[in-house]
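Observations on chain architecture
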Amino acid sequence: MNKIIIVGGGQAGATVAQDLRKRGFEGDITILGDEPQLPYRRPPLSKTYLAGEATEESLYQMKAPILERNAIRYRGDGRVVGIDRAQRAVHLENGERLSYDKLVLTTGGRARPLALPGAEAPNVHLLRTVADVDAIREDLASARRVVIIGGGFIGLEAAAVARKLGLEVTVLEGLPRVLARVTAPETSAFFEQAHRAHGVDVRTGAQVTGLLGSPTVDRVQLADGEELPADVVIVGIGLIPNTELAAEAGLDVDNGIVVDEFGRSSDPDILAAGDCTNHPNRFYGRRIRLESVNNALEQARTVSATIMGEESPYDSVPWFWSDQYDLKLQMVGLSEGYERCVLRGDMASRRFALFYLKDGVIIAADTVSDPKDFMVAKKLVAARVQASAEQLADTTVPLSELLPA
Ligand code: FAD
């Protein structure tokens, strides 16, 4: 085995390459990407980079000297349009054909566009790439009013930055509460309140029916007929996994490229990692697709281990973070199916933890601005610790006392 091709230069792709070298792989490694930047970290895009507090270079996971030192070739003009599995080769958009011994798909996902006329207008932006954020920043520089469609992590983080930049901000969320898919009503209510306290007009249950104005959009229309003036519109309504390449090559795809616990697709010479995969999670006993840095990095390491014949199954408890204003939300576990929520601490102090219990077991936790309790919460969830509501709520006893001996 001498040639490894990685399709997609995000954090998963870059980590596969780096980890292969760490494990002693001496053959060719080529990352084929379709963005001009070197492989970069996306989380700052809706945080410090949007705020103008981080340079593009600071986002790079591997700067040029590291790529060079590790003999990792990155091609930003390497959009792959086809896989010839029989010949073990990929076809690039520019007509080139490159052969591989093992192929790794880390194609991630793309931002879901708003399916409304006007969504293509130049001042209506998705937020997934450096290019997206550069365009948003340019527009924000001369804007007064920003309408953000979507009250998920990206929409709320962008709202926090836009307020910091002194703009008038409205967040439109179609569901009855923000962060509805990922947190309990208590955490949603806390963040809605935090944004309102910072002057954001948060509207829940808000159905957007039109983007009005031409050539740029200047009003966002709601189902009740109200028209909200907007200089810039940011759309944060989710992600579509980039699975077309895998599907066209005949690999199993089902809301993600289907891989086993070692990151292997239905073709043993093709592996996959990151946002684009549907993978078995041993902790939950079922398949999931995740959109988080931790998952991208851990799966990437699983894949490189598999390639090197050091198989070790992916076995990670999902976790995630989000920064909004001075608040750091950290979440561990999947809370769906929880029976009870227990608050530890006081929301008014803007520092607390919320535990999700099922059959008396801690299955997930959200912590706000409490990294120390978050570290313990991660261990409690991973160890499937049983705890009573009284124990969890009692702040006079350190959380760590609930850890198994
Ligand atoms: P991606 O980062 O999507 O990379 C895939 C790359 O492959 C892309 O460059 C894509 O263009 C390229 N590609 C696709 N198809 C092809 C092809 N055919 N040929 C060549 N190249 C191709 N996660 C957290 O845990 N915490 C956070 O706070 C957080 N904040 C975020 C904020 C924003 C604004 C965004 C967008 C994401 C955030 N995430 C966060 C999610 C996290 O960034 C992703 O889970 C992670 O980037 C996934 O990495 P990936 O390598 O799987 O995919």
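Report on the accompanying structure. Since we're looking at a predicted model, the values are computed, not measured.

Regarding the overall build of the chain
Along its length, the chain carries nine helices and 26 strands. Relative to a compact globule of 405 residues, whose C-alpha radius of gyration would be 22 Å, the chain shows 22 Å and is just as compact. With the principal axes as the frame, the chain shows a C-alpha extent of 65 × 60 × 35 Å. Put simply, the chain has 405 residues, and 53% of those count as buried. Counting contacts in the chain only where the partners sit at least 6 residues apart, residues at least 24 apart contribute 61% of the total. In the form shown here, the chain has an accessible surface area of approximately 17500 Å², with 48% of it arising from carbon and sulfur atoms. One finds the centroid of the 45 positive side-chain charges in the chain at a distance of 3 Å from the centroid of its 56 negative side-chain charges.

Details of the packing of aromatic side chains
The final tally for this structure, using the stated rule, is eight aromatic pairs. Within the aromatic cluster, the residues linked to one another by ring pairs are Phe-153, Trp-319, Phe-320, Trp-321 and Phe-374. Between the NZ or CZ atom of Arg-137 and the centre of the ring of Tyr-49, over which it lies, the distance is 4.9 Å.

A word on empty space enclosed by the protein
Here the idea is plain: a probe the size of a water molecule rolls over the atoms and shows the empty space left. One pass over the structure, following the stated rule, counts one cavity of 30 Å³ or more. Roughly 40 Å³ of volume is contained in the largest cavity. Every residue along the wall of the largest cavity is listed here: Val-259, Asp-260, Glu-261, Gly-263, His-279, Pro-280, Gln-299, Thr-302 and Tyr-314. Elements that contribute at least two residues to the lining of the largest cavity include exactly β20 (277-281) and α7 (293-307).

Topic: the pattern of salt bridges
A side chain with one charge can pair with a side chain of the opposite charge if their charged atoms come near. Inspection of every chain in the model, using the stated rule, returns 30 salt bridges. Linking Arg-219 and Glu-227 is a salt bridge whose minimum nitrogen-to-oxygen distance equals 2.9 Å. A residue is classified by how much of its surface remains accessible, and Arg-219, at 30% relative accessible area, is partly exposed. Overall, the relative accessible area of 36% leaves Glu-227 in the partly exposed class.

Structural notes on the site of the ligand
In the vicinity of the ligand, 35 residues are found, and the nearest of them are Asp-34, Glu-35, Arg-42, Lys-47 and Arg-128. For the ligand, an oxygen atom lies 3.0 Å from a polar atom in the backbone of Val-293. For the ligand, an oxygen atom lies 2.9 Å from a polar atom in the backbone of Trp-321. Within the complex, 95% of the 1000 Å² of free accessible area of the ligand lies under protein. Of the residues assigned to the shell around the ligand, the class counts are 13 nonpolar, 14 polar and eight charged.

Digging into the side chain of Arg-344
Examined against the element boundaries, Arg-344 turns out to sit in strand β24 (residues 340-346). Within the structure, the side chain of Arg-344 is placed 3.1 Å from the backbone oxygen of Asp-394, a separation counted as a polar contact. Apart from residues lying up to four places away in sequence, Arg-344 is in contact with Phe-352, Ala-353, Phe-355, Asp-373, Gln-391, Leu-392, Ala-393, Asp-394, Thr-395, Val-397, Pro-398 and Leu-399.

Things to note about the sheet that holds strand β21 (residues 286-288)
The sheet built from three strands is open, its strands ordered β18-β20-β21 with mixed pairing. Edge positions in the sheet fall to β18 (257-258) and β21, since each of these pairs with one other strand and no more. Taken together, the two bridges between β18 and β20 define a ladder with parallel strand orientation. The residue bridging Ile-257 from the neighbouring strand is Thr-277, located in β20.

As for the packing of helix α1 (residues 11-22) against α7
Two numbers describe how α1 lies on α7: the axes approach to 8 Å, and their chain directions differ by 40°. When the axes of α1 and α7 are compared, the crossing they make is right-handed. Contacts between α1 and α7 involve Gln-11, Ala-12, Thr-15, Val-16, Asp-19 and Leu-20 from the first element and Val-293, Ala-296, Leu-297, Ala-300, Arg-301, Val-303, Ser-304 and Ile-307 from the second. For the contact of α1 with α7, a count of residues per class yields nine nonpolar, three polar and two charged.

The rules behind each value
Residues numbered from 1 in each chain as written. Predicted model: local features only at pLDDT ≥ 70, side-chain atom pairs only at ≥ 80, totals over all residues. Heavy atoms only, no water. Helix = DSSP H or I, 4+ residues; strand = E, 2+ residues; numbered from the N terminus. Rg over C-alpha atoms; globule rule 2.2 N^0.38 Å. Buried < 20%, exposed > 50% of the residue type's maximum accessible area, 1.4 Å probe, protein only. Contact = heavy atoms within 4.5 Å. Areas by Shrake-Rupley, 256 points an atom, 1.4 Å probe, with all protein chains shown as cover. Lys, Arg positive; Asp, Glu negative; His and termini not counted. Charge placed at Lys NZ, Arg CZ, Asp CG, Glu CD. Phe/Tyr/Trp six-rings, centres within 6.5 Å; stacked < 30°, edge-to-face > 60°. Lys NZ or Arg CZ within 6 Å of the ring centre and 35° of its normal. 1 Å grid on protein atoms, 1.4 Å probe; cavity = no way out; pocket = protein on both sides within 12 Å on 5 of 7 lines; lining within 4 Å. Points joined across faces, edges and corners; volume = space filled by probe spheres on them. Salt bridge = Lys/Arg side-chain N within 4 Å of Asp/Glu carboxyl O. Near = heavy atom within 4 Å. Polar contact = N/O pair within 3.5 Å; in protein donor to acceptor, adjacent residues only side chain to side chain. Nonpolar A, V, L, I, M, F, W, Y, C, P; charged D, E, K, R; others polar. Pairing = 2+ DSSP bridges. Axes fitted to C-alpha atoms, helices over the stretch in contact; angles between N-to-C directions. Left-handed = near helix turned anticlockwise from the far one by under 90°.

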